[in-house]
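# Examination of the molecular architecture
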Amino acid sequence: MKAIRRFTVRPVLPEPLRPLSELARNLRWSWHAETRDLFQSVDPELWSACDGDPVRLLGGVPPQRLAELAEDHRFLRRLTAVVDDLNDYVTGDRWYQDQTSELPAAVAYFSPEFGIAAALPQYSGGLGILAGDHLKAASDLGVPLIGVGLLYRHGYFRQTLSRDGWQQEHYPVLDPNELPVALLKEPDGTPAQVSLALPGGTGLHARIWLAQVGRVPLLMLDSDVEENDLGERGVTDRLYGGGSEHRLLQEMLLGIGGVRAVRTYCRLTGHAEPEVFHTNEGHAGFLGLERIAELCDQGLDFDSALEAVRAGTVFTTHTPVPAGIDRFDRELVARHFGPDAELPRIDLGRILNLGMETYPGGEPNLFNMAVMGLRLGQRANGVSLLHGHVSREMFSGLWPGFDPDEVPITSVTNGVHAPTWVAPEVFRLGARQIGAQRTEDAMSVGGSDRWDAVAEIPDPDIWELRRNLREQLVTEVRERLRASWRQRGAGTAELGWIDSVLDPDVLTIGFARRVPSYKRLTLMLRDRDRLMELLLHPERPVQIVVAGKAHPADDGGKRLVQELVRFADDPRVRHRIVFLPDYGMAMAQKLYPGCDIWLNNPLRPLEACGTSGMKAALNGCLNLSVLDGWWDEWFQPDFGWAIPTADGSGTDPDHRDDLEAAALYDLLEQRVTPRFYEHGQGGLPDRWIEMVRQTLTLLGPKLLAGRMVREYVERLYTPAALAHRSMDIDSAREVAAWKAKVRSAWPGVSVDHVETSAATATAELGTTLSLRVLVALGALHPDDVEVQVVSGRVDPEDRIADASTVPLKPAGGPDHEGRWLYEGPLSLERTGPYGYTVRILPAHRLLASGAEMGLVAVPSEELVEGAGVLMR
């Protein structure tokens, strides 16, 4: 019989055990070993059955066991120690509190998904895991961050396989009362709510759930409330589900509702108001509109409010492909804003202009969330050095007249939260060398360039650790594989072969990630005979563990999964290659440490960063990857192997896959497997162990989310906070009026004449030339602009590379034609073909960069032809 109503019955903990509830509600347990060990000791079998979820554990412990623990003085001492430790962690000074510069009072961090723990399944892949690691690292560092997201009642889907290997999706219902979250409440005890206006006079209401991530509050909006009609209740049903309007409503709730939730939280708790708003990808971009509306309500005009909002906004882009960006039909967006819907006080045309693709090749009727994010954020970044370069190319149309290298998008390379992803056995090995506290600090706060203590660990200890982790993975794989085959309809009698799947002494390769086509799940199957030879080699076999989910609407991705599964089902190789369904955090925490090689073979440069290989590396796993994302930046032969790519524009895609798969097989056959199986005089693979040691010593400290968050604080959050403080109401009005003046006058700005002291087309290194430039400024004044000389090496088409810029100084004017004279030196600091040009940029003390407005004046073609290239 089916229940007509469901309740969550909470246990009544005996008074001495009440602190267990506090520990369960703070997600620090997900990365704090002592807290997890304490919960496990409450009931080891139930802890395992609850998949390590303390909220579920406490809901199922028998009363007699709770009574026993309430009298167990040893347990109570442990409980007191863990609670005291959490209190010190949450209230004590950490890295952020020890800084001397003027840091932000608070930062609001918005993301559509957060991967904090398997017990709070609100993530689909790398974006969410990165957001979760960002919050955890901010907590470890003491950064006053407020996370903002949505609470999805179905989360992302659970994946199983049909008998023939086709992906099946299941959406289990999540009851927030059974999750480690609590409702944010008003002083009278009623749930706090935010509301959005919808077309037709209806509304979208949402409650605010609070997840405590160490020191960091995570606010999660939930539309499944009685005040909503059925359609609106389903807005937060699934992560990345539904059609365009559904997604638009999700993103309006995340951005606009999220700002309102932050204001509510700060009002109720006294938390400092954020000075910086960080948009993790474009989904939350509407937060800028809400903040503009707040300022307009205070009497500011739109343009001035826009300047004030931009100053304190950071935008991070995570996609290197236009198809990965959310774009909505212009009319759909128009219907949800304006007088009859949300933000009625703001002119609809101004809202639409923020997201329109007004550059060459743009779609005139699409509203682009990333474009809006860039227009609303004064500071923007990609998530690796290579991705920063790709992003500057991809969005260069927003800054016409500037070379891509000057587009104001920087990069902060992602990192991963080591305490979450490093196996306890790896942590204990470090603690044996330098102590538990120093090891914890090294992994969470970071700050050092090297982990030299790894050099002192004996080779046998490293090798024993690696075999132990591999053995644990083999056990885990067999359990998961048996469960998967039962779901596929197999009986116990036909599953005896699973007991011999994988071998703890065989080189183990891991490949686990989402399954869009560019990640090339099936590249390893390109030459099946060669792959079989590798798997079944009599002296140097390999074994491969594969996992990954295709998007529910991506049949192409599902076909790739099925192709891989069918190969792995072959009785000839099924003991050497397995596909594990339902890839998620719980599986990943076993998979990364247990692999010897982490394989990544995307189409370069379509992997923005790719953090799974970072998590593997922190456990002593070596990377075998295409030079893309973070691996392009930090690869060294000591850390693994680079798969050669054939990424020329003229290469046929099929031929490219053939070439790169062949390169992968060659590396495995000729370099990777021989090194793993080649034992030195002591009977150990000395050269392999040395690569593990170098990976941990030199690469480990770079991979930390602590390093990443410190970079955000120093390079983006602090400058944004200072800009926010500088942009008071008067300054915002001043900048808005000045920009309007500059845009209006810019057609009259030109470089009219350039002359130099050079008499010939050659000169000696170190020579300094004198430049004289006449410029027309129209209605502007020299205070409004900067005139620069741009110089550097030139290619055969006279394009300047590795340019350096030097401002010229006004020396007179205006003359009778209204032109101004600028002068300055040009130093010839490089040999070979060398060239220069002159340009004019807008200049104001409150601009973040000269390229910010996308305006530049350069010499006309006639003037260029007359000047020629300076040095040959």
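In this section: the overall build of the protein chain. For the protein chain, the count of helices and strands is 29 helices and 29 strands. Its C-alpha atoms give the protein chain principal-axis dimensions of about 95 × 70 × 50 Å. Taken over 872 residues, the protein chain has a buried fraction of 57%. For the protein chain, restricting intrachain contacts to residue pairs at least 6 apart in sequence, the fraction spanning at least 24 positions comes to 73%. For the protein chain, the exposed area adds up to about 35,400 Å²; of that, 49% sits on carbon and sulfur atoms. In the protein chain, the 90 positive side-chain charges and the 122 negative ones have mean positions that sit 4 Å from each other.

Our next topic: the pairing of strand E17 (residues 507-512). A regular strand places its side chains on the two faces of the sheet in alternate fashion. Taken across its 6 residues, E17 has 6 buried, putting it largely inside the fold. Taking every second residue as pointing to the same face, both faces of E17 are buried, with Leu507, Ile509 and Phe511 on one and Thr508, Gly510 and Ala512 on the other. In the sheet, E17 pairs with strand E18 (residues 542-547) via 6 bridges, with the strands oriented parallel. What sits directly across from Thr508, in E18, is Gln543. Crossover E17 to E18 through helix H20 (residues 528-536) is right-handed. Across 2 bridges, E17 lies against strand E20 (residues 597-600) in parallel orientation.

All right, on to unusual backbone geometry then. Cis rather than trans, the peptide bond between Arg604 and Pro605 has omega equal to 5°. Checked against the element boundaries, Pro605 lands in the loop between E20 and helix H23 (612-617). Going from Gly813 to Pro814, the amide bond is cis rather than trans, its omega being 0°. Note on placement: Pro814 falls in the loop between strand E27 (809-812) and strand E28 (819-827). Located in the positive-phi region is Asp582, a residue other than glycine, with phi close to 65°. Structurally, the position occupied by Asp582 is in the loop between strand E19 (577-580) and helix H22 (585-594). We classify Asp582 as buried; its relative accessible area is 16%. Positive phi values are uncommon outside glycine, yet Asp802 reaches one of about 50°. Assignment of secondary structure puts Asp802 in strand E26 (residues 800-807).

A separate point is the packing of helix H13 (residues 348-355) against helix H14 (residues 369-376). Helix-helix packing: each pair is described by the crossing angle between the helix axes and the interaxial distance. Look at H13 against H14: their axes get within 6 Å of each other, and the N-to-C directions meet at 105°. As far as their axial angle goes, H14 and H13 are roughly perpendicular. In contact with Asn353, Leu354 and Gly355 of H13, H14 contributes Val371, Met372, Arg375 and Leu376. The class makeup of the residues in the contact of H13 with H14 is 4 nonpolar, 2 polar and 1 charged.

It is worth spelling out empty space enclosed by the protein at this point. It is the rolling of a water-molecule-sized probe over the atoms that shows where space remains empty. For the structure on display, the rule yields 7 cavities of 30 Å³ or more. There is about 90 Å³ of room inside the largest cavity. Lining the largest cavity are 13 residues, and of these Leu481, Trp485, Ala568, Asp569 and Phe579 sit closest to its centre. Every element with two or more residues in the lining of the largest cavity is listed here: helix H19 (459-487), helix H21 (555-568) and E19. By residue class, the composition of the lining of the largest cavity is 9 nonpolar, 1 polar and 3 charged.

Moving on, we get to helix H9 (residues 244-269). The end-to-end C-alpha distance of H9, which contains 26 residues, comes to 36 Å, matching closely the 38 Å that a straight helix rising 1.5 Å per residue would cover. Of all 26 residues making up H9, 20 are buried, and the element is well covered by its neighbours. Downstream of H9 by a residue or two, Gly270 has a phi angle that is positive, lying close to 80°.

In terms of nonpolar packing, the biggest core is built from 105 residues, with Met524, Ile597, Leu624, Trp641 and Trp688 touching the most fellow members. Look past the residues within four positions of Leu624 in its chain and what remains in contact with it is Ile597, Trp598, Leu599, Asn600, Trp641, Ile643, Leu664, Leu667 and Leu668.

The subject of this paragraph is the state of the cysteines. All chains considered together, the criterion is met by 0 disulfides. For Cys609, which is in no disulfide, the shortest distance to another cysteine sulfur is to Cys621 and amounts to 16 Å.

On to the environment of Met614, then. Checked against the element boundaries, Met614 lands in helix H23. Separated by 200 residues in the primary sequence, Met614 and Asn414 place their C-alpha atoms 9.3 Å from one another. Other than its neighbours up to four places away in sequence, Met614 contacts Thr413, Asn414, Gly415, Val416, Cys609, Trp630, Trp634 and Leu703.

Below, the discussion takes up the pattern of salt bridges. Evaluated as defined, the whole model comprises 63 salt bridges. The partner of Asp459 in a salt bridge is Arg693, and the shortest N-O contact between them spans 2.2 Å. Taken together, the residues Asp459 in helix H19 and Arg693 in helix H26 (residues 686-699) connect sequence positions 234 residues apart. Residue Asp459 is classed as partly exposed on the basis of its relative accessible area of 26%. A residue is classified by how much of its surface remains accessible, and Arg693, at 7% relative accessible area, is buried. For Arg772, the salt bridge goes to Glu755, with nearest N and O atoms at 3.4 Å. One end of the pair, Arg772, is in strand E24 (residues 768-776); the other, Glu755, is in strand E23 (residues 750-756), with 17 residues separating them in the sequence.

By the secondary structure assignment, Ser484 is in helix H19. In this view, Ser484 contacts Leu161 and Pro581; residues no more than four positions away in its chain are not counted.

Right, let's get into the sheet that holds strand E29 (residues 834-842). Backbone-to-backbone hydrogen bonds pair the strands of a sheet. The strands run either parallel or antiparallel. Ordered by their spatial adjacency, 3 strands build an open sheet running E26-E25-E29, and the pairing between neighbours is antiparallel. Of all the strands in the sheet, the pair left with one neighbour each is E26 and E29. Sheet twist, expressed as the mean angle between neighbouring strand axes with direction ignored, is 30°.

Glancing now at H13. Turning to H13, its buried residues are Ile351, Leu352, Leu354 and Gly355. The arc that holds the buried residues of H13, viewed along the axis, is 150°, so those residues lie on one side. Packed against the buried residues of H13 are helix H10 (287-297), helix H11 (302-311), helix H12 (330-335), strand E14 (366-368) and H14. Its side-chain oxygen 3.2 Å from the backbone nitrogen of Gly349, Asp347 forms the N-cap of H13.

Further remarks concern the confidence of the model for the protein chain. A low pLDDT means the predicted coordinates there should not be read in detail. In the predicted model, the protein chain carries a mean pLDDT of 93, and 97% of its residues have values of at least 70. This model gives residues 868-872 a pLDDT under 50, and the stretch forms 27 contacts once residues within four places in sequence are excluded.

As a further point, take the sheet that holds E27. What the 4 strands build is an open sheet, ordered E23-E24-E28-E27; its pairing is antiparallel. The sheet is open, and its two borders are formed by E23 and E27, each paired with just one other strand. Going from strand to strand, the sheet's axes swing by 30° on average, the running direction of each strand aside. Examined bridge by bridge, E27 and E28 share 3 bridges and lie antiparallel to one another. Among the inter-strand pairings, Pro810 is bridged to a residue of E28, identified as Tyr822.

Before going further, it helps to spend a moment on the packing of aromatic side chains. Under the definition given, this model contains 18 aromatic pairs. Relative to Phe337, the ring of Phe286 lies with its centre 5.3 Å away and its plane at 45°, an arrangement referred to as tilted. Here Phe286 is found in the loop between strand E11 (276-280) and H10, whereas its partner Phe337 is found in the loop between H12 and H13, with 51 residues between them in sequence. Assessed through its relative accessible area of 0%, Phe286 is described here as buried. With relative accessibility at 3%, the residue Phe337 sits in the buried group. Its end group placed over the ring of Trp463, Arg470 keeps NZ or CZ at 5.4 Å from the ring centre. One Lys or Arg, Lys549, reaches over the ring of Phe157 and ends 5.0 Å from the middle of that ring.

What counts, and where the lines are drawn
Residues numbered from 1 in each chain as written. Predicted model: local features only at pLDDT ≥ 70, side-chain atom pairs only at ≥ 80, totals over all residues. Heavy atoms only, no water. Helix = DSSP H or I, 4+ residues; strand = E, 2+ residues; numbered from the N terminus. Buried < 20%, exposed > 50% of the residue type's maximum accessible area, 1.4 Å probe, protein only. Contact = heavy atoms within 4.5 Å. Areas by Shrake-Rupley, 256 points an atom, 1.4 Å probe, with all protein chains shown as cover. Lys, Arg positive; Asp, Glu negative; His and termini not counted. Charge placed at Lys NZ, Arg CZ, Asp CG, Glu CD. Pairing = 2+ DSSP bridges. Right-handed = clockwise from strand over helix to strand, strands pointing away. Axes fitted to C-alpha atoms, helices over the stretch in contact; angles between N-to-C directions. Parallel < 35°, antiparallel > 145°, perpendicular 65-115°, else oblique. Nonpolar A, V, L, I, M, F, W, Y, C, P; charged D, E, K, R; others polar. 1 Å grid on protein atoms, 1.4 Å probe; cavity = no way out; pocket = protein on both sides within 12 Å on 5 of 7 lines; lining within 4 Å. Points joined across faces, edges and corners; volume = space filled by probe spheres on them. Expected span 1.5 Å × (residues − 1). Core = buried A, V, L, I, M, F, W, Y, C linked by side-chain atoms within 4.5 Å. Disulfide = S-S within 2.5 Å. Salt bridge = Lys/Arg side-chain N within 4 Å of Asp/Glu carboxyl O. Arc of directions from axis to C-beta. Polar contact = N/O pair within 3.5 Å; in protein donor to acceptor, adjacent residues only side chain to side chain. pLDDT = per-residue confidence, 0-100. Phe/Tyr/Trp six-rings, centres within 6.5 Å; stacked < 30°, edge-to-face > 60°. Lys NZ or Arg CZ within 6 Å of the ring centre and 35° of its normal.

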